[in-house]
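# Residue-level structural notes
This is what each chain is made of:
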Amino acid sequence: MMVEKRIKRALVSVYHKEGLDEIIKKLHQEDVRFVSTGGTQAFIESLGIPCEAVEELTGYPSILGGRVKTLHPKVFGGILTRREHAEDQKQILRYDIPEIDLVIVDLYPFEETVASGADEASIIEKIDIGGISLIRAAAKNFNDVVIIASEAQYAPLMSMLEEKGATTNTEERRWFAKEAFAVTSAYDTAIFNYFDQDDHAAFRVAVDDAKIMRYGENPHQKGIFYGNFDDLFDQLHGKEISYNNLLDIDAALALIDEFDELTFAVLKHNNACGIASCPTIVEAWKDALAGDPVSAFGGILITNDVIDRAVAEEINRIFFEVIIAPDYMTDALEILEQKKNRIILLRKKSGLQTRQYRSLLNGVLVQDRDLSIQTADVLVPMTEKRPDGRETEDLLFANKLVKHSKSNAITLVKNKQLCASGIGQTSRVDALKQAIEKANSFHFDLNGAVMASDAFFPFPDCVEIADKAGITAIIQPGGSINDTLSVDYCNAHGLSMMKTGIRHFKH
């Protein structure tokens, strides 16, 4: 039942005061009385509006260095009293407890204090006690009380006040209560994670900004994204981003962040179907597209360089879903925006989450994101022959690609261009055969190309197949008890093999 209640008295105690003045003035026009503390009381009175100090209400001063201010029956009794409960009403009359119908309070900036690198004593002092207790009390009694638990709720409150004055219904109060519990749960999550550190005693994550997707991975599945996409990107053009778009965008960012030199990549279903590093962006695009011009249809494009008119004209020849770049020239945008649904993203900052989560069985699986990047100085020669400079660069390039390809995975690279990859196969031999067949179908000359594998070779079969295809250098994690079988083959046939010592499985 939608029960209307009028706000007669408000308790206000906040750190964030931007936008609060208009709310206070509007409430004052509606004859609402105010109770407050310290700086907020001074703020209200500076607007020419009378305000009762909490100390006057409770008869007690703020004590213990401000740790105890509002923790008093006259405050919590006024919030928690049930207006239709006869015994509650008798008790607040007996103890002279005024009803409080609106609570506006926010919390000490705990996370910001931790992020600032403050000492532990300062961090502990930012664990809010009174504020979070007020929020929980008011939210629990949403049948009678409105709770505003953060600056984010100022606008909805002001909108409601402008529309209907100082009157609320049950549905509105319940919505504000839900938002308040989101604030307190996130706050407690941050505190727990600070104390838990690396103990991993329990899984606690709080993410705001829910975005309902059109659907999930398939149209019959519901999809929701939790997070602030706008922190990372400006969407300059195009249709609403889908669940599958987000998966591809995440994969594209993880891949492109491996490269410092100018690189262009095309992804499909989270895997690179084309990628190249070149001196110019037009060259990089053409070489990336050449890797698999068929799979590029409907793909995700990403580069770490500015999109200019010349490359935009080339890109515009094909159909693709999304393009991501650090910037776009104005005339390039004019070309790319010719397709109304094409999603154009300007990347504002780097930095993906360092933890990955996956729900499975009756729980959650957590792991560190694979941020390991191998460089030439960590490679261990396994064969008598060593790769030359060009081959070494290609091996490192191929190793970055195989890291971001679904296992079992093989990548074939030549001159910092992906010739082909074999991905998601149950057999590493099948992955290699798939890659070779694909490279041949697009007329790549594999003589002098290199091969990367995401795991070791327990048998020399893959090495033999690669050799016959023209591969001259191989990079792999190593670690098989049968490593010598592959090494012996390489030594006998003049191939070089380097070991990274790091496996890059991806499921």
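Whatever comes next refers back to the structure up there.
This write-up is about the structure you can find in this document. (Residues numbered from 1 in each chain as written. Predicted model: local features only at pLDDT ≥ 70, side-chain atom pairs only at ≥ 80, totals over all residues. Heavy atoms only, no water.)

### Points about the pattern of salt bridges
When charged atoms on two side chains of opposite charge get close, those side chains can pair. Where we set the bar: Salt bridge, as used here, is a side-chain nitrogen of Lys or Arg placed within 4 Å of a carboxyl oxygen of Asp or Glu. Only DSSP runs of H or I with at least four residues qualify as helices, and only runs of E with at least two residues qualify as strands; both kinds are numbered from the N terminus onward. The rule is simple: take the accessible area with a 1.4 Å probe, protein chains only, and divide by the maximum for that residue type; under 20% is buried, over 50% is exposed, in between is partly exposed.
Applying the stated criterion to the full structure yields 28 salt bridges. Of the charged contacts in the structure, one is a salt bridge between Arg-369 and Asp-250, with a shortest N-O distance of 3.7 Å. A residue pair is termed long-range when its members are at least 10 positions apart, and Arg-369 in the loop between strand E17 (363-368) and strand E18 (380-381) and Asp-250 in helix H11 (residues 243-256) qualify at 119 residues. Judged by its relative accessible area of 34%, Asp-250 is partly exposed.

### Digging into the nonpolar core
Spelled out, the test is: Among the buried residues, those of types Ala, Val, Leu, Ile, Met, Phe, Trp, Tyr and Cys that are joined through side-chain atoms within 4.5 Å form a nonpolar core. Should any heavy atoms of two residues lie within 4.5 Å, those residues are counted as being in contact.
Core analysis: the largest hydrophobic core is formed by 55 residues, its most contacted members being Phe-34, Ile-79, Val-103, Ile-104 and Ile-147. No other element matches helix H10 (residues 170-196), which puts seven residues into this core. Not counting residues up to four positions away in its chain, the partners in contact with Ile-147 are Val-103, Val-105, Ile-135, Ala-138, Ala-139, Phe-176, Ala-177 and Ala-180. Residues Phe-233, Ile-249, Leu-345 and Leu-379 belong to the second largest nonpolar core, which totals 37 residues.

### Details of helix H12 (residues 281-290)
Spelled out, the test is: Arc definition: it is the arc formed by the directions from the helix axis to the C-beta atoms.
For H12, the full list of buried residues reads Ile-281, Ala-284, Trp-285, Ala-288 and Leu-289. The buried side chains of H12 occupy one side of the element, clustering within an arc of 125 degrees when seen end-on. Buried residues along H12 sit in contact with strand E11 (263-268), strand E12 (271-277), strand E13 (299-303) and helix H13 (309-315).

### Some remarks on the sheet that holds strand E14 (residues 320-325)
Put simply, the rule reads: Here, a strand pair is defined by DSSP locating no fewer than two bridges between the strands. A fitted line through C-alpha atoms serves as each axis, taken over the contacting stretch for helices, and the angle formed by two N-to-C directions is quoted from 0 to 180°.
Taken in spatial order, the six strands line up as E10-E15-E14-E13-E11-E12 in an open sheet, and their pairing is mixed. This sheet does not close on itself; its edge strands, each paired only once, are strand E10 (233-237) and E12. Taken pair by pair, the neighbouring strands of this sheet meet at an average axis angle of 20 degrees, ignoring direction. Both E11 and E13 contribute to a ladder of four bridges, which runs antiparallel. Note that in E13 the partner of Leu-267 across the bridge is Ile-300. Against the sheet, H11 contacts E10, E11, E12, E13, E14 and strand E15 (343-347), and its axis sits at roughly 30 degrees relative to E13.

### Details of the side chain of Ser-13
Basically, it comes down to this: Polar contact criterion, stated in full: a pair of N or O atoms within 3.5 Å, where within protein one must be able to donate a hydrogen and the other to accept it, and residues adjacent in sequence count only if both atoms are side-chain atoms.
Its location among the elements puts Ser-13 in strand E2 (residues 9-13). For Ser-13, a relative accessible area of 18% puts it in the buried group. In this structure the side chain of Ser-13 is engaged in a polar contact, spanning 2.7 Å, whose partner is the side chain of Thr-37. Discounting chain neighbours no more than four positions away, the residues touching Ser-13 are Ser-36, Thr-37, Thr-40, Ile-104, Val-105 and Asp-106.

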